[in-house]
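What follows is the residue order along each chain.
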Amino acid sequence: MAPRPVVRPAAAVEDDVAGRPCPACGTPNPPERRFCRRCAAELRPAEKPAPLPWWRTVWPFRRRTRAGSGSAFRFFVILAVVLALCAAGFLLLPAGRALIEDTRDKLGKATPVTPADTEASGAVPGHPATDTTDGLNNHYWGAPGPGASVTYTFRKPFRLVDLIITNGASASPEEYARQARALQVDLEVTAEDGTKHDKEITLSDKPGPQTIPTGISDVKTVRLVLRSPVGLTSGRHLALAEVEFFQRS
């Protein structure tokens, strides 16, 4: 039969050592020791700093980062919240939607659109309001005086990107000054849902086309009212050569 194992008694630990007691078993240890001579517990464990409050881990309040504070997780959570708020603002707020539409206007291509009907408050003989949409800049609408208006109606709503106005009787410098011109035009746009958009347009007193950016969606009708005439004397009338509308393709 195999001999039974012999249990040896543990070596006695001298208790006459003066020093710091072990935090685990209370055995005194010499000052130079790092681990307890009885239980091998660490005598001087490094103190772990307390975690920082979450708001101290976010810029600009962050001063230092401690272990265990969860700064990386909180950073990604805050970043996700900020991105979600920005996305909601751009998609839900009118200003955000307007910014998106304006960006699409600049990136897209503008194509002309022709009104289905043109009606004026008045016209001098031989110069109807339809001459403003005939594509000829030497034909013009002869308005009887300031306050005269012309209304353009379209078959279906569209995004009005730009409006081009050729003022006066013609784009030719010789013919331009033969009739009076309106240097101020009130633009009144009515959308499909009845919403109205008003804009005051200031025109230069010179021949040729002048482009007016608009950026109005769901346009159904456009009304122009002539104001601030120049050159309006006896025997002359206000002239408006051409009005062109451009939509986003």
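Before any of the text, the structure's been laid out above.
Residues numbered from 1 in each chain as written. Predicted model: local features only at pLDDT ≥ 70, side-chain atom pairs only at ≥ 80, totals over all residues. Heavy atoms only, no water.

Peer 1: Could you give me a rundown of unusual backbone geometry, with the residues and numbers involved?
Peer 2: One non-glycine residue, Ala 40, adopts positive backbone phi at about 65°. Looking at the element boundaries, Ala 40 is found in the loop between strand 2 (28-29) and helix 1 (71-92). With a phi close to 55°, Asp 218 is a non-glycine residue in the positive phi region. Position of Asp 218 relative to the elements: it lies in strand 9 (residues 209-230). (Helix = DSSP H or I, 4+ residues; strand = E, 2+ residues; numbered from the N terminus.)

Peer 1: Describe the packing of aromatic side chains, and please don't skip the residues or the numbers.
Peer 2: With the rule as written, the count across this model stands at 3 aromatic pairs. Ring plane angle 65° and centroid distance 5.0 Å describe the contact between Tyr 152 and Phe 245, whose orientation is recorded as edge-to-face. With Tyr 152 in strand 6 (residues 149-167) and Phe 245 in strand 10 (residues 238-248), this pair connects stretches of sequence that are 93 residues apart. Comparing Tyr 152 with Phe 245 shows no difference in burial state: the two are buried. Linked through ring pairs, Tyr 152, Phe 154, Phe 158 and Phe 245 together constitute an aromatic cluster. (Phe/Tyr/Trp six-rings, centres within 6.5 Å; stacked < 30°, edge-to-face > 60°. Buried < 20%, exposed > 50% of the residue type's maximum accessible area, 1.4 Å probe, protein only.)

Peer 1: Can you tell me about the pattern of salt bridges, naming the residues and giving the values?
Peer 2: What the rule picks out here adds up to 4 salt bridges. Across the pair Arg 178 and Glu 175 runs a salt bridge, and its minimum N-O distance is 3.3 Å. The exposure class of Glu 175 is partly exposed, given its relative accessible area of 32%. With its nearest N and O atoms 2.7 Å apart, the salt bridge here joins Glu 188 to Arg 223. With Glu 188 in strand 7 (residues 181-191) and Arg 223 in strand 9, this pair connects stretches of sequence that are 35 residues apart. The class for Glu 188 is partly exposed, based on a relative accessible area of 26%. What makes Arg 223 partly exposed here is its relative accessible area of 30%. (Salt bridge = Lys/Arg side-chain N within 4 Å of Asp/Glu carboxyl O.)

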